[in-house]
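Spelled out from the first residue to the last, the chains are:
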Amino acid sequence: MMRAMTSASPSPAAPSAAAAPVLEARSVFRLRASDGQQVAIVRDVSFALRAGEFATVMGPSGSGKSTLLHLLAGLDKPSAGQVLVAGDDLGSGDEERRAAVRRQRIGFIFQFFHLLPDLTVEENVTLPLRIGGQSLRRSAGRIDSLLDLLGIAHLRGRLPHALSGGEMQRVSIARALSTQPPLLLADEPTGNLSSKAGEEVIALLRSVRDKLGTAILLVTHNPRDAAAGDRVLFLHDGALRNESEMRGGPFGVADVFHRLSQLGI
Ligand SMILES: Nc1ncnc2c1ncn2[C@@H]1O[C@H](COP(=O)(O)OP(=O)(O)OP(=O)(O)O)[C@@H](O)[C@H]1O
Ligand SMILES: [Mg+2]
């Protein structure tokens, strides 16, 4: 797929091999000072996500889910270990290059949407394209399809304050996908939604994966959300319990509850 690039933004190297995972964590640690001691908030996390995979990460509050996701997005730096996105090490190069990798390869969605209140739905969705210097005219057809896929085409002229929570989250998903990233990271995207709106958002994420082939890593403490993934990874005290991973989803919610009780989390 061709991508418009601006001369101002340094372009990350092309993916080194088609077979490179879209996301790979290699023995990632994040230490923080607490009461004068260094505490590992994320401990020795290793896993890989293939193109088009939909994986979820479950863990109790404080287990390090958001910290891990920020490390994977290049928004924070590991104390040790590496994060690779489409074969590219986020730790190499300067901040400008990391920002270019983030902009071109990673979409991020948050629990609290983070839409800009003075911009319309369409302006919010196309903002990453404008920041990246891409032509809005050339992307118009694709953005129309994206708004259709997320069921928000009729809302394109509205301001965020006139949207429901579920609609705001769908707008933020469209914004995250506007640059066609191969990877979407989501931090508790249903945490601020009603149960019904949350279910709709999860179903939309599955159809995004099916139709666009985007790999998705979704962090949640909601077993129902986790059950929608092809894989469920369990984080406890900052460490992934790889041996406990569930594969072959979507799962029944009861299966996820059962595994959680086996793990004692
Ligand atoms: N900026 C920070 N400085 C110090 N400690 C932090 C910081 N951010 C997070 N922590 C600590 O790191 C641990 C993991 O936090 P994190 O926010 O990653 O957990 P989480 O699994 O996302 O929790 P939640 O489900 O409540 O969102 C917690 O003990 C938290 O107190
Ligand atoms: Mg969190």
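Anyway, here's the lowdown on the structure attached to this text. As the structure is a prediction and not an experimental result, all values here were calculated from the model.

**Notes on the overall build of the protein**
Right, so step 1: Counting its secondary structure elements, the protein contains eight helices and 11 strands.
Right, so step 2: For the protein, the C-alpha radius of gyration of 18 Å lies close to 18 Å, the compact-globule estimate for 265 residues.
Right, so step 3: Projecting the C-alpha coordinates of the protein onto the three principal axes gives extents of approximately 50 × 45 × 40 Å.
Right, so step 4: Going through the 265 residues of the protein one by one, you find that 51% of them count as buried.
Right, so step 5: Within the protein, residue pairs in contact and separated by at least 24 positions form 71% of the contacts whose partners lie at least 6 positions apart.
Right, so step 6: Accessible area for the protein stands at about 12000 Å²; split by element, carbon and sulfur atoms hold 52% of it.
Right, so step 7: Charge-centre separation for the protein: the mean point of 30 positive side chains lies 3 Å from the mean point of 27 negative side chains.

**Thoughts on the environment of glutamine 104**
Right, so step 1: Within the element layout of this structure, glutamine 104 appears in helix 2 (residues 95-105).
Right, so step 2: On a C-alpha basis, the gap between glutamine 104 and arginine 30 in space is 25 Å, while along the polypeptide they are 74 residues apart.

**A short note on the site of ligand 1**
Right, so step 1: Every residue close to ligand 1 is listed here: Arg32, Ile41, Pro60, Ser61, Gly62, Ser63, Gly64, Lys65, Ser66, Thr67, Glu188 and His221.
Right, so step 2: Glycine 62 places a main-chain nitrogen or oxygen 2.8 Å from an oxygen atom of ligand 1.
Right, so step 3: Separating an oxygen atom of ligand 1 from a backbone N or O atom of serine 63 is a distance of 3.2 Å.
Right, so step 4: Here the element with the most residues in the shell around ligand 1 is helix 1 (residues 65-72); it accounts for three residues.
Right, so step 5: Looking at the shell around ligand 1 residue by residue, the class counts come to two nonpolar, seven polar and three charged.

**A look at the nonpolar core**
Right, so step 1: Counting residues in each nonpolar core, the largest one holds 33 residues, and the members touching the most others are Leu150, Ile152 and Leu205.
Right, so step 2: Taken together, the elements giving at least two residues each to this core come down to helix 3 (121-131), helix 4 (136-149), helix 5 (165-177), strand 7 (183-187), helix 6 (195-212) and strand 8 (215-220).
Right, so step 3: Counting 29 residues, the second-largest nonpolar core is a separate cluster that includes Leu23, Ala73, Leu185 and Leu240.

**Section: helix 2**
Right, so step 1: Within helix 2, the full set of buried residues consists of Arg97, Arg98, Ala99, Ala100, Val101, Gln104 and Arg105.
Right, so step 2: If you follow the buried residues of helix 2, they end up packed against strand 4 (80-85), strand 5 (88-89), strand 6 (106-109) and strand 7.

**Brief notes about the pairing of strand 8**
Right, so step 1: The buried fraction of strand 8 is high, at six of six residues.
Right, so step 2: Inspection of the sheet shows strand 3 (residues 54-58) paired to strand 8 by five bridges, in the parallel sense. Counted as the bridge partner of valine 57 is valine 219 from strand 8.
Right, so step 3: Here strand 7 pairs with strand 8 via five bridges, running parallel. Residue pairing across strands places alanine 186 opposite leucine 218, the latter belonging to strand 8.
Right, so step 4: With helix 6 bridging strand 7 and its parallel neighbour strand 8, the resulting β-α-β unit is right-handed.

**Details of the pattern of salt bridges**
Right, so step 1: For the structure on display, the rule yields 18 salt bridges.
Right, so step 2: Arginine 26 is paired through a salt bridge with glutamate 24; the nearest N and O atoms lie 3.2 Å apart.
Right, so step 3: Its salt-bridge partner being arginine 247, residue glutamate 245 comes within 3.3 Å of it at the nearest N-O pair.
Right, so step 4: Exposure remark for glutamate 245: the relative accessible area of 17% places this residue in the buried category.
Right, so step 5: We classify arginine 247 as exposed; its relative accessible area is 56%.

**Section: helix 3**
Right, so step 1: The complete set of buried residues in helix 3 reads Val121, Asn124, Val125, Thr126, Leu127, Pro128 and Leu129.
Right, so step 2: Where helix 3 is buried, its residues meet helix 4 and helix 5.
Right, so step 3: Phi turns positive one or two residues past the end of helix 3, at glycine 133, with a value near 75°.

**Some thoughts on unusual backbone geometry**
Right, so step 1: In this model, glycine 249 is joined to proline 250 through a cis peptide bond whose omega is 10°.
Right, so step 2: As for its position among the elements, proline 250 is in the loop between strand 11 (246-247) and helix 8 (253-263).
Right, so step 3: Of note in the backbone geometry, aspartate 35 takes a positive phi value of approximately 50° without being a glycine.
Right, so step 4: For aspartate 35, the location among the structural elements is in the loop between strand 1 (23-34) and strand 2 (37-49).
Right, so step 5: Taking relative accessible area as the criterion, aspartate 35 reaches 80% and is therefore assigned exposed.
Right, so step 6: If you check the backbone angles, glutamate 188 has positive phi at about 45° while not being a glycine.
Right, so step 7: For glutamate 188, the position within the fold is in the loop between strand 7 and helix 6.
Right, so step 8: We classify glutamate 188 as buried; its relative accessible area is 12%.

Conventions and cut-offs
- Residues numbered from 1 in each chain as written.
- Chains lettered and ligands numbered in written order.
- Predicted model: local features only at pLDDT ≥ 70, side-chain atom pairs only at ≥ 80, totals over all residues.
- Heavy atoms only, no water.
- Helix = DSSP H or I, 4+ residues; strand = E, 2+ residues; numbered from the N terminus.
- Rg over C-alpha atoms; globule rule 2.2 N^0.38 Å.
- Buried < 20%, exposed > 50% of the residue type's maximum accessible area, 1.4 Å probe, protein only.
- Contact = heavy atoms within 4.5 Å.
- Areas by Shrake-Rupley, 256 points an atom, 1.4 Å probe, with all protein chains shown as cover.
- Lys, Arg positive; Asp, Glu negative; His and termini not counted.
- Charge placed at Lys NZ, Arg CZ, Asp CG, Glu CD.
- Near = heavy atom within 4 Å.
- Polar contact = N/O pair within 3.5 Å; in protein donor to acceptor, adjacent residues only side chain to side chain.
- Nonpolar A, V, L, I, M, F, W, Y, C, P; charged D, E, K, R; others polar.
- Core = buried A, V, L, I, M, F, W, Y, C linked by side-chain atoms within 4.5 Å.
- Pairing = 2+ DSSP bridges.
- Right-handed = clockwise from strand over helix to strand, strands pointing away.
- Salt bridge = Lys/Arg side-chain N within 4 Å of Asp/Glu carboxyl O.

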